[in-house]
Structures are given as C-alpha cells and as structure tokens.
Amino acid sequence: MSLLHVLQTVALLFAVTLMLHVLLCRVTGGARFMPKGVVLGGAATLALLAYQLSALRLDLVELYLFAAAWLFYLMVLINLLNSVTLKMLAYLHAAPQGSLELAAFDTAFNAEDGLLTRLEMMQGSGLVVAQDGGLLLTARGRALLGAIRLLGRPFSIEPGQAS
C-alpha cells in the first residue's frame with residue numbers, strides 16, 4: 001500500500017474520530033474528557049485493525065500513525081486546557097472591563113492556593129487520601145505512577161524529571 005493511501009486513511013479515520021469525540025463531549029459534557037478520548041481512540045484503533053484483518057492485510061504503520069496522532073491530539077489539547085497562563089487570561093477576561101489589580105491575581109493564583117487546588121483534585125480523583133494529617137498514595141495513584149514510570153523507562157526518565 002502506498003504512503004499516500006496510508007496517510008489518507010489515517011486522516012479520514014482521525015477526522016471521523018475527532019467528530020465523534022466532539023459529539024460525545026457535547027452530549028455528555030466535558031467532564032472526563034481524557035478518558036472519553038482514550039476509549040474512543042482505542043475503539044477507533046481496534047476498528048481499523050478489524051478492517052485490516054477483514055481485508056486480509058495488516059498495516060502496522062497505519063495503525064501506529066493513527067494511534068500516535070490521536071494521542072498527540074489528546075495530549076496537546078489537555079495541556080492547553082490546563083495551562084496556567086490560559087487560566088489567568090480567562091480569569092482576566094471574566095473580570096469587569098477585563099481589568100484586575102495585581103493583588104487579585106495573587107489571591108487567585110498564588111502558589112499555596114494552586115497547590116491546595118491540585119491536592120483536592122488528586123483526592124477527588126482517588127490518587128491520594130488524607131490520613132492522620134498527611135497524604136497517602138492510593139493503589140490507583142501507585143498504578144498511575146507505575147504506568148508513567150514504565151512509559152519513561154525507555155528514555156531513562158523518572159516522573160518529574162522530563163523537561
């Protein structure tokens with residue numbers, strides 16, 4: 001199969017999957033954006049594999065290109081949505097006349113508040129639990145950390161070391 005045909009197939013499947021992801025998030029809401037995207041991308045990859053097998057051909061390059069493009073899309077979008085800079089811009093945009101004193105930014109985005117918000121999110125996700133005045137890593141948190149360590153192992157990167 002030619003490279004052009006592979007790229008056309010990947011682009012078409014990506015566009016269809018993207019439209020389904022947008023539709024799914026519109027219907028069910030934006031919560032759990034990433035899990036929905038991972039499941040949908042996985043289903044699309046399996047559908048592509050099933051199509052290839054039904055046509056009695058297996059094109060690993062096509063499968064790889066689609067999966068890599070889909071994960072790249074998810075990573076870029078989720079990082080943009082979680083950008084502190086963009087959150088600050090949205091906070092400023094929501095202010096009356098788009099203007100705020102610097103002290104208002106300090107109150108909204110100081111390091112302690114950001115840390116507490118992040119810890120609350122980790123507790124809400126079940127990654128840590130508060131116990132005896134401290135935090136305890138849950139099995140879910142250990143599993144996530146293990147998966148990230150496994151992904152970084154070929155690159156000799158531990159979580160928190162990548163730059």
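Placed above this text is the structure.
Overview of the structure. Please read all numbers here as calculations on a predicted model, not as lab measurements.

Here we come to the packing of aromatic side chains. In total, this model carries four aromatic pairs according to the counting rule given. Look at W70 and Y73: their rings are 4.8 Å apart centre to centre, the planes differ by 50°, and that puts the pair in the tilted class. Taken together, the residues W70 and Y73, both in helix α3 (residues 60-81) and three residues apart, mark about one turn of the helix. Take W70 and Y73: they sit in the same class, and that class is buried.

For α3, which comprises 22 residues, the first-to-last C-alpha distance of 31 Å matches the rise-based estimate of 32 Å (1.5 Å per residue) to within 8%. Residues of α3 that are buried: E62, L63, F66, W70, Y73 and L74. Axial view of α3: buried residues confined to an arc of 110°, hence all on one face. The exposed set on the far side of α3, more than 90 degrees from its buried face, consists of L60, Y64, F72 and N79. Of the surrounding secondary structure, the elements contacted by the buried residues of α3 are α1 (3-28) and α2 (33-54).

Pairing of strand β1 (residues 128-131) with strand β2 (residues 134-137) involves four bridges; the strand directions are antiparallel. Following the sheet pairing, V129 is matched in β2 by L136. Two successive antiparallel strands, β1 and β2, enclose a turn made up of two residues, where D132 displays a positive phi of approximately 55°.

Thresholds applied
- Residues numbered from 1 in each chain as written.
- Predicted model: local features only at pLDDT ≥ 70, side-chain atom pairs only at ≥ 80, totals over all residues.
- Heavy atoms only, no water.
- Phe/Tyr/Trp six-rings, centres within 6.5 Å; stacked < 30°, edge-to-face > 60°.
- Helix = DSSP H or I, 4+ residues; strand = E, 2+ residues; numbered from the N terminus.
- Buried < 20%, exposed > 50% of the residue type's maximum accessible area, 1.4 Å probe, protein only.
- Expected span 1.5 Å × (residues − 1).
- Arc of directions from axis to C-beta.
- Contact = heavy atoms within 4.5 Å.
- Pairing = 2+ DSSP bridges.

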